[in-house]
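Descriptive structure summary
Here's the letter readout for the chains.
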Amino acid sequence: MALRKRTKTGVVGIVAAAVAATAFVAPARAEADRGTDRTGADRVSADEHPRASTDKHHRATRRAMEAAVRAGTPGVAAQARDARGVWSSAVGVGDLESGAPRGKHDRFRVGSITKSFVATVLLQMEAEGKLDLDDSVERHLPGLVRGNGNDGRRITVRQLLNHTSGLFDYLADEEYSKTYLEGDGYLTHRYDTLPPGKHVAVALSHKPLFEPGAKHSYSNTNYILAGLIIERTGGRTYEAEVRDRIIEPLKLKTTVNPGNGIHLPEPSSRGYAKLFPSDPDRIDDITEMNGSQGWADGDIISTTGDLNRFYDALLRGRLLPPKQLKAMKTTVAVPGAPDMAYGLGLSRIKTSCGTTLWGHGGGMVGWLSMAYSTEDARHQLSYSYNADWDGESMGAILDAEYCE
C-alpha cells in the first residue's frame, strides 16, 4: 500500500514520505548477529550463502543509511547481495523509548512490495490457463466495478496490474484518509477490520480519472481487485495462494500475510509516524495495526533477506515461464518520472549513474521500504525504514549501493 497523499516519484518509487525529525545512531543489535531470531526461525544459513560480504565493500551504502538516521529516521536495516556474497547491516534505533538498536534481520511491513507477489500469482494463473491478462474485470468480478462512470467491462486484468485502469485510488479519498491514515482517526481506527469491499466502495464513489488504458496512474484500488480476482479464480483466499505458490516453495521463512492480525512477528522494531501535520515534532508509535487495512495492495510482512530471495527467484525465471515474465517486464511510462517505468507489479528505475534496476518500493503508515535488483539478479539491495517521513533519502541509499 502506498500512502497516496504522501507519494514521491523518481528513484524513490511510489512510497510514503513527509517531513523529517531527529533520531540518533546506535550500533546494530547484538542478538541479530547470532543466526537465529527470538522465535527460533532460521536466518540466512551458511549453506544458502557461503560467503558473507564485509562493510568495506558497502561503505557508501552504510554512509547513506547513517545519513538517513542523522536526518531523522529512527533506524534503517538493509541487505545487499552481489558477487562478494551477502552483506547485512543496520543503523539507528528500533525502539525510541528503550533505545534498543535496529536489528539487521527485523521484520517489517513491506507495503506496496506486496504488489509484486500479487502480480506473480495472477501471472502464474495465466500460465496455467485459468485466466488471461486481457480478460475484463467484469468476467471475473461480475457487476462489482460499476457506477459513477466506472465500468469493469472496459477494464482488463493487465490494466489493473500496470495501473492504467483509471480507477480512483481509495487512499486518496479525503474521508478515508482522515479516518484511517491521519491523526486521531488513525489512532482510533487502526485496529478496525476492513474488508476489501469497503476499499472498492470508497474508490467507486469517485469517477474514474481517465479512460482505461489511456495512461498510468498508481492506484491501490487496482490491487484490491487483483486480490479478489485471485480468490475468485483459485477458489481460495489470496493469502493461501501467495503462501502455497511463493512463500513456501521459496522457503521465505520470515514472510507472512497478517490477515486480521495486529502484531509484527519477532524480531522486529517499532514503527513510527508523524500523524499530525499541525504538530510536526510529534512522533507516534504505530507498530500495531490491523493487517486487513492493507490486504492485497500492501499487507505482507517480511525481511530484507526474504525480499532479496523473492526477487532473485522472480527475475531468474524460477516463478514464471518466459512468456509471463516478459509480460511482467513490459512497461508503461510513469508520468512525471522519466527514470521510472511500470510493468505488472514490477517497476523499472534508473539510478543517477544509469544502472537499470527492477523491483518495487513500499510505504505504510510508519514504514518505508525498497527492494531492487539488476535484471540478472546478480546484485540486489533491500532496505527498510521504521518511519514514514523521509522518502527522499531512500534514493540516496540506492545510488550509493549501485553507483559509488
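Here goes a summary of the coordinates provided. (Residues numbered from 1 in each chain as written. Predicted model: local features only at pLDDT ≥ 70, side-chain atom pairs only at ≥ 80, totals over all residues. Heavy atoms only, no water.)

**Section: unusual backbone geometry**
The phi angle of most residues is negative, glycine excepted, and most peptide bonds adopt the trans form. The cut-off we apply is this: Helix numbers and strand numbers start at the N terminus; a helix is a DSSP run of H or I with at least 4 residues, a strand a run of E with at least 2. For every residue, the accessible area obtained with a 1.4 Å probe (protein chains only) is divided by the maximum for its type, and the residue is called buried under 20%, exposed over 50%, and partly exposed between those limits.
E266 connects to P267 through a cis peptide bond whose omega is -5°. Tracing the backbone shows P267 in the loop between α9 (238–247) and β6 (272–273). Positioned with a positive phi, N148 is a non-glycine residue whose angle comes to about 55°. With respect to the helices, strands and loops of the structure, N148 is situated in the loop between β4 (146–147) and β5 (150–151). Taking relative accessible area as the criterion, N148 reaches 38% and is therefore assigned partly exposed. One non-glycine residue with positive phi stands out, namely A377, at about 65°. Position of A377 among the secondary structure elements: in the loop between β13 (367–373) and β14 (380–385).

**Here's the deal with the side chain of D151**
To be explicit about the condition: Under this definition, polar contacts are N or O atom pairs within 3.5 Å; protein pairs additionally need one hydrogen-donor-capable and one acceptor-capable atom, and for neighbouring residues in sequence, both atoms have to be side-chain atoms. Contact criterion: two residues are considered in contact whenever any of their non-hydrogen atoms come within 4.5 Å of each other.
Along the chain, the position of D151 falls in strand β5. For D151, a relative accessible area of 14% puts it in the buried group. Of note is the side chain of D151, whose polar atom sits 2.9 Å from the side chain of R153. Other than its neighbours up to four places away in sequence, D151 contacts V145 and R146.

**Looking at helix α10 (residues 304–315)**
Cut-off, in case you're wondering: To estimate the expected span of a helix, subtract one from its residue number and multiply by 1.5 Å.
With 12 residues, α10 ought to run about 16 Å at 1.5 Å a step, and its terminal C-alpha atoms sit 16 Å apart, in line with that. Counting buried positions along α10 gives 12 out of 12 residues, so the element sits mostly inside the fold. Taken from the residues just after α10, G317 is the one with a positive phi, measuring 80°.

**Some words on the nonpolar core**
We count it as follows: We call a set of buried Ala, Val, Leu, Ile, Met, Phe, Trp, Tyr and Cys residues a nonpolar core when their side-chain atoms join them within 4.5 Å.
F117, L122, L161, F310, Y383 and L398 are the most contacted members of the largest nonpolar core, which totals 101 residues. Filtering out sequence-adjacent residues up to four positions away, Y383 remains in contact with A77, A78, T304, L368, S369, M370, M394, G395, I397 and L398.

**Topic: the side chain of E126**
Definition in use: Counted as positive: Lys and Arg. Counted as negative: Asp and Glu, with His and the chain ends omitted from the count. For salt bridges, the criterion is a side-chain nitrogen of Lys or Arg within 4 Å of an Asp or Glu carboxyl oxygen.
Note that E126 resides in helix α2 (residues 114–127). Among buried charged residues, E126 stands out as having no salt bridge; its nearest opposite-charge side chain is R158, 5.3 Å away. Within the structure, E126 has its side chain in polar contact with the backbone nitrogen of L133 (distance 3.2 Å). The residues touching E126, leaving out its near neighbours within four places in the chain, are L131, D132, L133 and Q324.

**Remarks on the packing of aromatic side chains**
Applied cut-off: Under the pairing criterion, centres of Phe, Tyr and Trp rings, with the six-membered ring standing for Trp, must be within 6.5 Å; the plane angle then separates stacked pairs below 30 degrees from edge-to-face pairs above 60, leaving the rest tilted. Any Lys NZ or Arg CZ found within 6 Å of a ring centre and within 35 degrees of that ring's normal is scored as a charge over the ring.
Throughout the structure, instances matching the rule amount to six aromatic pairs. When the centroid spacing of 6.2 Å and the interplanar angle of 85° are considered together, the rings of Y218 and Y342 count as edge-to-face. Pair noted here: Y218 is in the loop between α7 (196–204) and α8 (220–234) and Y342 is in strand β10 (residues 340–342), with a separation of 124 residues, a long-range link. For the pair Y218 and Y342, a shared accessibility class is recorded, and that class is buried. It is K274 that lies over the ring of W389; its NZ or CZ is 5.1 Å from the centre. Its guanidinium or amino end placed over the ring of W358, K329 lies 5.7 Å from that ring's centre, counting from NZ or CZ.

**Digging into the pattern of salt bridges**
In the structure shown here, the tally under the stated rule is 23 salt bridges. Among the ionic pairs, R84 bridges to D82, the shortest N-O distance being 3.5 Å. By relative accessible area, R84 is classed as partly exposed at 43%. Residue R316 is joined to D312 by a salt bridge in which the shortest nitrogen-to-oxygen separation is 2.7 Å. Connected through shared salt-bridge partners, E128, K130, R236, E241, R243, D244, R245 and E248 make up one network.

**A closer look at helix α1 (residues 59–70)**
The first and last C-alpha atoms of α1 sit 16 Å apart over 12 residues, in line with the 16 Å expected at 1.5 Å per residue. Regarding α1, the residues found buried are A60, T61, A64, M65, A68 and V69. Check the buried side of α1 and you find it contacts β1 (75–82), β2 (85–92), β14 and α12 (394–403). Looking at the residues trailing α1, positive phi occurs at G72, about 130°.

**Description of the pairing of β2**
Heads up, the rule is: A pair of strands is treated as paired once DSSP finds two or more bridges between them.
Of all eight residues in β2, eight are buried, a share of seventy percent or more. Both β1 and β2 contribute to a ladder of eight bridges, which runs antiparallel. Along β2, the bridge assignment pairs G75 with G92. Where β1 folds back on β2, the antiparallel hairpin that results is connected by two residues.

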